[in-house]
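Structural description and commentary
Now for the letters of each chain:
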Amino acid sequence: MSAPNIETIVSLAKRRGFVYPSSEIYGGLGSSWDYGPLGVELANNVRQAWWRWMVYERDDMEGLDSSIILNRLVWKYSGHEDTFSDPLVDCRDCKSRLRADKLEFSGEPGAPKIGGVAEMIRQRRIQCPNCGSKDLTEPRPFNLMFRTHIGATAEDDPESLAYLRPETAQGIFINFLNVLNTSRRKLPFGIAQIGKSFRNEVTPGNFIFRTREFEQMEMEYFVRPGEDEQAHQEWIDACYQWYQEIGVSAENMRLYEQPKEELAHYAKRTVDIQYRFFPERDEEERQWDELMGIANRTDFDLRTHSKKPENAEGKRLNPDSTEDLSYFDEQTKQRFYPYVIEPAAGVNRTILALLMDAYSERTNEKNETRVILKLKPAMAPIKAAVLPLAKNKPEIVGMAKAIKRSLQPVLRAVYDDTGGIGKLYARQDEIGTPFCVTVDHQSLEDEAVTIRDRDTWEQERVKLADLTTHLLQRLKPEA
Ligand code: GAP
């Protein structure tokens, strides 16, 4: 079982402290969310799992943490200033702002193109999804980059204009030579980065699925031209496998080959891993949306940021760059711009997919329905909850607290005595804690505790001396 819809997760997330609406005491801020005590742990687990898999477990990877605000020229030459926009349409009646490429109209299969939509709007064949009016403006491009100004200058001084990065990728491209030279790498190799990105989305929404501030886990893998297609396919397969390893079920994932008209200006081929974020929708095709994208960006980025390339008239294509980001191959004695394969995932969408997939319900012997979050132990915000069976017995409470302290250097453990044992178990099930460690009267005599499994509700007696090793063994990623 997985969550029937995103709303179920929104309510669980707020009730139990995973994610809260941001700035709530001032009326909120559209589509902004804050990660609470459990959400921050889950996000950390996602980042750590990705970094371990992507960087530590490979021989061909380096890490990077570049700035959020980069020189504006980065966004000029990457193409973002000119092309990173959504086609915006206004409804003249209800004043909604809409994305033209997401508007639906009858009789036309597939996503409409901007020219096509403009024509349909002129013919009044598209309705506003909010009020049904057909009085819509023509689409116009709306750049998604957030603007800011650097230094103590006037707001309208064009020299001070800067952007919050809309992707982490460009920070990697502009550091290609730095990493290459300092790490003495040879092709193929990759540079990985995790960090916040910002997009002034026209229609954010669906909880943490589409927000204006979000976090990306991106890696740029540099290969020889000609080796790009095979490397691309290998990364598609590897990413699909990784999502299953962290707990996303194959039934709720699929690969989506972007058609030519959807490809970004830099991409030769892009395959998205989609997740069934909207299972409640009748039409199967509308249940899916992007979890991550894996693009073959060709040599576009390294070439565009280089000072060398010239046009047919011998004029430099990038007169502002001071470096040539080409690569000299010692074996073939050739110089070229490496091709780039880019697996680009979102931390927030990964969290949403994990929560939706882990959601399950179970009815107990008293016919009460309990929520159980069947997260993989490695993803669970709390690994073990230590619970005293009798909170009025100082010896039991003392022993439980001591056990919690003994576990905390190696795993995230909590102590809870704020309810009866049934209620405490239910609370831990709902937040995905894989193990409850119960201290009872007998523990005082036999130096053993009961470990209760979240998924089976089975109980096992374990000697205190073996507890940490026992838990660590069962918490292993493959467990
Ligand atoms: N560098 C390539 C790139 O940024 P993208 O498909 O635009 O590609 C990669 O973004 C991933 O970032 C997406 O698959 C998604 O998981 C996440 N993402 C993008 N925009 C987002 C948004 N507005 N809110 C939440 N996550 C977003």
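Residues numbered from 1 in each chain as written. Predicted model: local features only at pLDDT ≥ 70, side-chain atom pairs only at ≥ 80, totals over all residues. Heavy atoms only, no water.

**Overview of the overall build of the protein**
In plain terms, the rule: A run of DSSP states H or I qualifies as a helix once it reaches four residues; a run of E qualifies as a strand once it reaches two. Both are numbered from the N-terminal end. Think of it in three bands: residues with accessible area under 20% of the maximum for their type are buried, residues over 50% are exposed, and the middle band is partly exposed, with areas taken using a 1.4 Å probe on protein chains only. Contact criterion: two residues are considered in contact whenever any of their non-hydrogen atoms come within 4.5 Å of each other. Computed by Shrake-Rupley with a 1.4 Å probe, the accessible areas treat only the displayed protein chains as cover when residues are assessed. When charges are counted, Lys and Arg are positive and Asp and Glu negative, with His and the chain ends excluded. In this description, the location of a charge corresponds to atom NZ of lysine, CZ of arginine, CG of aspartate or CD of glutamate.
On a plain count of helices and strands, the protein comes out with 14 helices and 23 strands. The 479 residues of the protein split such that 51% are buried. When contacts within the protein are restricted to residue pairs at least 6 apart in sequence, those whose partners lie at least 24 apart make up 64%. Of the roughly 23,300 Å² that the protein leaves accessible, carbon and sulfur atoms contribute 47%. Distance from the positive charge centre (65 side chains) to the negative charge centre (77 side chains) of the protein: 2 Å.

**Comments concerning a nonpolar patch on the surface**
Short version of the rule: Like charges within 9 Å and nonpolar side chains (Val, Leu, Ile, Met, Phe, Trp, Tyr) within 5 Å are joined into patches, using only residues over 30% in relative accessible area that form no salt bridge. By definition, a salt bridge exists where a carboxyl oxygen of Asp or Glu is found within 4 Å of a side-chain nitrogen of Lys or Arg.
Taken together, the side chains of Ile-68, Ile-69 and Ile-150 define a hydrophobic patch exposed on the protein surface, amounting to about 230 Å² of accessible area. Positionally, Ile-69 belongs in the loop between strand E3 (61-64) and helix H3 (72-78).

**Looking at the environment of Met-219**
Inspection of the secondary structure assignment puts Met-219 in strand E10 (residues 213-223). On the basis of relative accessible area, Met-219 is assigned to the buried category, the value being 0%. If sequence neighbours within four positions are ignored, Met-219 has contacts with Trp-50, Met-54, Met-61, Gly-190, Ile-191, Ala-192, Trp-235, Ile-341, Glu-342 and Pro-343.

**Things to note about the sheet that holds strand E20 (residues 413-415)**
The strands that make up a sheet are held in pairs by hydrogen bonds between backbone atoms, and each pair lies either parallel or antiparallel. Basically, it comes down to this: Here the rule is simple: two strands pair whenever DSSP picks up at least two bridges between them. Axes here mean lines fitted to C-alpha atoms, for a helix over just the part in contact, with angles spanning 0 to 180 degrees between N-to-C directions.
One open sheet holds the 5 strands; their spatial order is E20-E19-E21-E22-E23, and the pairing between them is mixed. Lying at the two open borders of the sheet, with one neighbouring strand each, are E20 and strand E23 (459-463). Each strand axis lies, on average, 25° off the axis of its neighbour in the sheet, ignoring direction. The pairing of strand E19 (residues 384-388) with E20 spans 3 bridges and is parallel. Each bridged residue has a counterpart across the sheet, and for Ala-384 the counterpart in E20 is Ala-413. Each of E19, E20, strand E21 (435-439) and strand E22 (448-453) is contacted by helix H11 (residues 394-407), which is oriented at about 165° to E19, the strand it contacts most. Its contacts with the sheet put helix H14 (residues 467-474) on E19, E21, E22 and E23, and the angle it makes with E22 is roughly 15°.

**What about the nonpolar core?**
Defined as follows: Residue types Ala, Val, Leu, Ile, Met, Phe, Trp, Tyr and Cys, when buried and joined through side-chain atoms within 4.5 Å, form a set referred to as a nonpolar core.
Ranked by size, the top nonpolar core spans 68 residues in total, and within it Trp-235, Tyr-243 and Phe-277 carry the most contacts. With 9 residues, the single largest contributor to this core is helix H2 (residues 37-56). If we ignore the near neighbours within four places in the chain, the residues touching Phe-277 are Ile-6, Phe-209, Gln-287, Asp-289, Glu-290, Leu-291, Arg-349, Leu-352, Ala-353 and Met-356.

**Regarding the site of the ligand**
Rules: Here a residue counts as near a molecule or strand whenever at least one of its heavy atoms sits within 4 Å of it. Here a polar contact is recorded for every N or O atom pair within 3.5 Å, except that within protein the pair must consist of a potential hydrogen donor and a potential acceptor, and residues adjacent in sequence are included only if both atoms are side-chain atoms. Residue classes follow a fixed rule: Ala, Val, Leu, Ile, Met, Phe, Trp, Tyr, Cys and Pro count as nonpolar, while Asp, Glu, Lys and Arg count as charged, and any other residue, Gly among them, counts as polar.
Taken together, 20 residues lie near the ligand, and Glu-167, Glu-201, Thr-211, Glu-218 and Glu-290 sit nearest. For the ligand, a nitrogen atom lies 2.6 Å from a polar atom in the side chain of Glu-167. Contacts to the ligand include Gln-216, whose side-chain N or O atom sits 3.0 Å from an oxygen atom. Secondary-structure elements contributing two or more residues to the shell around the ligand are E10, strand E13 (289-298) and strand E16 (339-346). Ranked by residue count, the leading element in the shell around the ligand is E13, at 5 residues. Looking at the shell around the ligand, its residues break down into 7 nonpolar, 4 polar and 9 charged.

**What about the packing of aromatic side chains?**
As a reminder, the rule being used: Two rings from Phe, Tyr or Trp (for Trp, the six-membered ring) form a pair when their centres are within 6.5 Å of each other. A pair whose planes differ by under 30 degrees is stacked, one over 60 is edge-to-face, and the rest are tilted. In this scheme, the term charge over a ring applies when either NZ of a lysine or CZ of an arginine sits within 6 Å of the ring centre and within 35 degrees of the ring normal.
Going through the model one piece at a time under the given rule, you end up with 15 aromatic pairs. Taking 4.6 Å as the distance between ring centres and 45° as the angle between the ring planes, the aromatic pair formed by Phe-176 and Phe-222 counts as tilted. Pair noted here: Phe-176 is in helix H7 (residues 176-183) and Phe-222 is in strand E10, with a separation of 46 residues, a long-range link. Phe-222 matches Phe-176 in its accessibility class, with the two residues each being buried. Cluster of aromatic residues (ring-pair linked, three or more members): Trp-53, Tyr-221, Trp-235, Trp-242 and Tyr-243. Taking the ring centre of Tyr-425 as reference, the NZ or CZ of Arg-452 above it sits at 4.2 Å.

**Some points on the state of the cysteines**
Definition in use: Any pair of cysteine sulfurs within 2.5 Å is marked as a disulfide.
Across all of its chains, the model carries 0 disulfides by this definition. Here Cys-91 stays unpaired: no disulfide links it, and the sulfur of Cys-131, its closest cysteine neighbor, is 3.7 Å away. Not engaged in a disulfide, the cysteine Cys-128 finds its nearest cysteine sulfur in Cys-94; these two sulfurs lie 3.7 Å apart.

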